[in-house]
Amino acid sequence: MPRVVVDVMPKPEILDPQGKAVLGALPRLGFSGVTEVRQGKRFELQVEGEVTEAVLADVHRMAEMLLSNPVIENFEVRVEETA
């Protein structure tokens, strides 16, 4: 069954305090070499039938209206095939 994934991330110019907190914690846990962390959200939508352009357009509208805040977040819609 096809799965449509919506990844939502803060826009680059928006501060990301959760990402900064993770970045600060990594060295304390023994991890090095990470220079930036941005935290976002992932939504997985199982859809009935074939993923058509109309279905993707609906998911895009869902992302704009409910899943993201377009003022401060960008999103990407993609299809993942499930096993």
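Shown above is the structure to which this text applies.
How each quantity is defined
- Residues numbered from 1 in each chain as written.
- Predicted model: local features only at pLDDT ≥ 70, side-chain atom pairs only at ≥ 80, totals over all residues.
- Heavy atoms only, no water.
- Salt bridge = Lys/Arg side-chain N within 4 Å of Asp/Glu carboxyl O.
- Helix = DSSP H or I, 4+ residues; strand = E, 2+ residues; numbered from the N terminus.
- Pairing = 2+ DSSP bridges.
- Axes fitted to C-alpha atoms, helices over the stretch in contact; angles between N-to-C directions.
- Contact = heavy atoms within 4.5 Å.
- Buried < 20%, exposed > 50% of the residue type's maximum accessible area, 1.4 Å probe, protein only.

Draft legend 1. Here's a closer look at the pattern of salt bridges. Under the counting rule described, the total for this entry stands at nine salt bridges. A salt bridge links R78 to D7; its shortest N-O distance comes to 2.9 Å. One end of the pair, R78, is in strand 3 (residues 73-81); the other, D7, is in strand 1 (residues 2-10), and 71 residues separate them in sequence. A salt bridge links E76 to R78; its shortest N-O distance comes to 4.0 Å. Within this structure, R3, D7, R42, E44, E76, R78 and E80 form a network of salt bridges that share partners.

Draft legend 2. Structural context of the sheet that holds strand 1. Pairing is antiparallel across the open sheet formed by three strands, whose spatial order is 2-1-3. Either end of the sheet is taken by a strand with one partner, and the two such strands are strand 2 (41-46) and strand 3. Going from strand to strand, the sheet's axes swing by 20 degrees on average, the running direction of each strand aside. Across the sheet, helix 2 (residues 53-67) touches strand 1, strand 2 and strand 3, and the angle it forms with strand 3 is around 145 degrees.

Draft legend 3. Seen up close, the environment of E36. With respect to the helices and strands, the residue E36 is situated in the loop between helix 1 (17-28) and strand 2. Along the sequence, E36 and L23 sit 13 residues apart, while their C-alpha atoms lie 6.5 Å from each other.

Draft legend 4. Looking closely at the pairing of strand 1. Extensive coverage of strand 1 is indicated by the burial of seven of its nine residues. Strand direction decides the pairing type here: strand 1 and strand 3, joined by nine bridges, are antiparallel. Directly across from M9, in strand 3, lies its bridge partner N74. As paired strands, strand 1 and strand 2 are joined by six bridges and run antiparallel to one another.

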